[in-house]
Amino acid sequence: MRTNSDFVLRVSFSMAVVVGVLMGGCVSGPPQLAICPGKPNTEEALNTLAARAGAAVPLRANGQVMLTYHVPDKKKPERHNLPLELRFEPPGDIYIQGSIAVDPRAVILGANDREFWLALSPKEMSGYYIGRWDEVLDFEGLMMSPRVVLEALGIVAEPNGENDAALWSLENKGPYDILVRRDEAGHMVRRVHLYACDYAVHKIEYFDGRGKVPAVAELGDYETVVEGFRVPTKIHVVSTTPDGRKDTMEISLRGVRTTQFNDRQRQVLFSPPDPDKFENIYRYEAGRWVPE
């Protein structure tokens, strides 16, 4: 079971796999950003992110998410504008619920310290995706990814629970410190753009095994939850499919506030849903989604 320190470097993104919500454009910050000195080395950069993750508190929020995604055998993409509810308990428990028409739980996205899942109820896309963090090799190929959401919240996550600073490097470019995470073979896994003046994450790029970028998340409009812990209220995620089509999530959060969960709520919110009612079930194994 992962500890708080295991999650501490799941580097910096806040709810966007929890989500994907209405934002209506990229969230790259003000047109002109002040230039501040960056961190002098990788260790200090990672320690800053670790301190922010350590300051995280349980929270809840409402909002909207605009999903644009492609369905097999259809030329035009589907579009859904969903009200959503977000729940988060550090270090890595997350729950996002999106409503469509009469189905208040049409989309369920979640994760705990062992597993992550996405459940889609509508008939035209009925599907249940579940995987274990210890099976994740790189970006797991879900547009609505729990990792994106966690990192959008400022919790930079290592899929294998290891926080080896030697696998990170740091460079400064304009107003940004850019942290690059590589795997043990030297392949780029993630590139995190941090605004050097306040160390808020503005963009995260996810790389696959071929060096391509299947997903990019941009974050903005941060709100302070408690001292030392801020979350973005605007999240924009673009996921590129193997055939080049782009799916998007635009998330807008409101009413972000601290909360507390009891044991029953934790069991309901942060455990995988029952897969029996879904037409298609996929399990993440060795880097691939395998149908059951």
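Just above, that's the structure.
Reading guide: rules and limits
Residues numbered from 1 in each chain as written. Predicted model: local features only at pLDDT ≥ 70, side-chain atom pairs only at ≥ 80, totals over all residues. Heavy atoms only, no water. Helix = DSSP H or I, 4+ residues; strand = E, 2+ residues; numbered from the N terminus. Contact = heavy atoms within 4.5 Å. Areas by Shrake-Rupley, 256 points an atom, 1.4 Å probe, with all protein chains shown as cover. Pairing = 2+ DSSP bridges. Expected span 1.5 Å × (residues − 1). Buried < 20%, exposed > 50% of the residue type's maximum accessible area, 1.4 Å probe, protein only. Arc of directions from axis to C-beta. Phe/Tyr/Trp six-rings, centres within 6.5 Å; stacked < 30°, edge-to-face > 60°. Lys NZ or Arg CZ within 6 Å of the ring centre and 35° of its normal.

S.K.: Honestly, the overall build of the protein in this entry has me stumped. Any pointers?
M.R.: Across its full length, the protein carries 4 helices and 15 strands. When contacts within the protein are restricted to residue pairs at least 6 apart in sequence, those whose partners lie at least 24 apart make up 60%. Only carbon and sulfur atoms are counted for the fraction: they give 49% of the accessible area of the protein, which is about 13,100 Å².

S.K.: Any chance you could explain the pairing of strand β2 (residues 78-89) here in plain terms?
M.R.: For a regular strand, the rule is simple: side chains alternate between the two faces of the sheet. The pairing of strand β1 (residues 59-69) with β2 spans 11 bridges and is classified as antiparallel. Note on β2: the bridge partner recorded for R60 is R87. Inspection of the sheet shows β2 paired to strand β3 (residues 93-100) by 6 bridges, in the antiparallel sense. Paired with L84 across the bridge in β3 is G98.

S.K.: It is not clear to me how helix α2 (residues 42-54) should be interpreted in this structure. Could you clarify?
M.R.: Side chains that are three or four residues apart share a direction in an α-helix, a result of its 3.6 residues per turn. Taking 1.5 Å of rise per residue, the 13 residues of α2 would be expected to cover 18 Å, and the 18 Å separating its terminal C-alpha atoms lies within 8% of that figure. The set of residues buried in α2 consists of T42, A45, L46, L49, R52 and A53. All buried residues of α2 lie within an arc of 115 degrees about the axis, which places them on one face of the element. Of the exposed residues in α2, those oriented more than 90 degrees away from the buried face are E43, A51 and G54. Buried-residue contacts for α2 involve β7 (168-173), β8 (176-182), β9 (188-195) and β12 (229-240).

S.K.: Would you mind showing me how to read the environment of I251 here?
M.R.: By the secondary structure assignment, I251 is in strand β13 (residues 246-258). Under the relative-accessibility criterion, I251 is labelled buried at 0%. It is 7.6 Å that separates the C-alpha atoms of I251 and T233, two residues lying 18 residues apart in sequence.

S.K.: Any chance you could explain the packing of aromatic side chains here in plain terms?
M.R.: Any pair of aromatic rings gets described here by the distance separating the centres and the angle formed by the planes. Applying the stated criterion across every chain yields a total of 8 aromatic pairs. For the pair Y128 and F278, a centre-to-centre distance of 5.3 Å together with 25 degrees between the ring planes defines the contact as stacked. With Y128 in strand β6 (residues 127-132) and F278 in the loop between α4 (263-269) and β14 (281-285), this residue pair connects regions lying 150 residues apart in the sequence. For the pair shown, Y128 and F278 are each scored as buried. An aromatic cluster is defined as three or more aromatic residues linked by ring pairs; in this entry it consists of F116, Y129, W133, Y282, Y284 and W289. Positioned above the aromatic ring of Y199, the side-chain terminus of K39 is 5.2 Å from the ring centre.

S.K.: Mind showing me how you'd approach unusual backbone geometry here?
M.R.: The amide bond that connects P90 to the next residue, P91, takes the cis arrangement and shows omega of 5 degrees. Relative to the helices and strands, P91 resides in the loop between β2 and β3. In this structure, D221 takes a positive phi of about 50 degrees despite not being glycine. Take D221: it is sitting in strand β11 (residues 215-226).

S.K.: Help me out: how do you make sense of the pairing of strand β10 (residues 201-206) in this one?
M.R.: The element β10 is largely enclosed, with a buried count of 5 among its 6 residues. Direction of pairing for β9 relative to β10: antiparallel, over a ladder of 5 bridges. Counted as the bridge partner of R190 is Y206 from β10. Counting the residues between successive antiparallel strands, the hairpin from β9 to β10 contains 5 residues, one of them, Y199, with a positive phi of roughly 60 degrees. Pairing between β10 and β11: 4 bridges, direction antiparallel. Residue Y206 lies in a different strand from β11, and its bridge partner there is A215.

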